[in-house]
Amino acid sequence: MIDLNPSAYGTHSLRRTKVALIYKKTGNLRACQLLLGHGKLESTVRYFGIEVDDAPEISEQIDL
């Protein structure tokens, strides 16, 4: 146990939270897809609720 109320958190919500934090920190959608075991990247995009409008902002955060 990690001192969380079991009635407020389930294994699925914790799974989603962990990967969402990884995505927020890295922006690596492909890594998240692999961690979640999704066959299609589109499934991962829907899972996180990422909008097409977010793409330019995400892109601007990466310096090459």
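Residues numbered from 1 in each chain as written. Predicted model: local features only at pLDDT ≥ 70, side-chain atom pairs only at ≥ 80, totals over all residues. Heavy atoms only, no water.

1. Brief notes about helix α3 (residues 41–48)
So the rule is basically this: Buried means the residue's accessible area, taken with a 1.4 Å probe over protein chains only, is under 20% of the maximum for its type, while exposed means over 50%, and partly exposed covers the values in between. In this description a helix means any DSSP run of H or I spanning at least four residues, a strand means any run of E spanning at least two, and both kinds are numbered starting from the N terminus. Of all possible arcs, the one meant is that of the directions from the helix axis to the C-beta atoms.
Within the span of α3, buried status applies to T44, Y47 and F48. Take α3 and look down its axis: the buried residues cluster within an arc of 85 degrees, on one side only. Facing away from the buried surface of α3 by more than 90 degrees, the exposed residues are E42 and R46. Trailing α3 by a residue or two, G49 shows a phi angle of about 70 degrees, which is positive.

2. Side note on the packing of helix α2 (residues 29–36) against α3
Note the following rule: To define axes, lines are fitted to C-alpha atoms, for helices over the stretch in contact only, and angles between the resulting N-to-C directions are given on a 0 to 180 degree scale. Each angle receives one of four descriptions, namely roughly parallel if under 35 degrees, roughly antiparallel if over 145, roughly perpendicular if within 65 to 115, and oblique otherwise. By definition in these notes, contact holds between two residues if any of their heavy atoms fall within 4.5 Å. Gly is placed with the polar residues, together with every amino acid not listed as nonpolar (Ala, Val, Leu, Ile, Met, Phe, Trp, Tyr, Cys and Pro) or charged (Asp, Glu, Lys and Arg).
Taken N-terminus to C-terminus, the directions of α2 and α3 make an angle of 95 degrees; their axes are 9 Å apart at the nearest point. In this view, α2 runs roughly perpendicular relative to α3, as classed from their interaxial angle. Across from L29, R30, C32, Q33 and L36 in α2, the residues of α3 making contact are L41, T44, V45, Y47 and F48. Tallied by class, residues from the contact of α2 with α3 come to seven nonpolar, two polar and one charged.

3. Section: the packing of aromatic side chains
Defined as follows: Two aromatic rings, drawn from Phe, Tyr or Trp (for Trp, its six-membered ring), form a pair once their centres lie within 6.5 Å of each other, and the interplanar angle then sorts them: stacked below 30 degrees, edge-to-face above 60, tilted otherwise.
Tallied over the entire structure, the rule returns two aromatic pairs. Each ring, one from Y23 and one from F48, has its centre 5.5 Å from the other, and the planes form 15 degrees; the classification is stacked. Of the two residues, Y23 is situated in helix α1 (residues 11–26) and F48 in helix α3; the sequence distance between them amounts to 25 residues. No difference in accessibility class separates Y23 from F48, as the two residues are buried. Ring geometry for Y47 versus F48: centroids 5.7 Å apart, planes at 75 degrees, classification edge-to-face.

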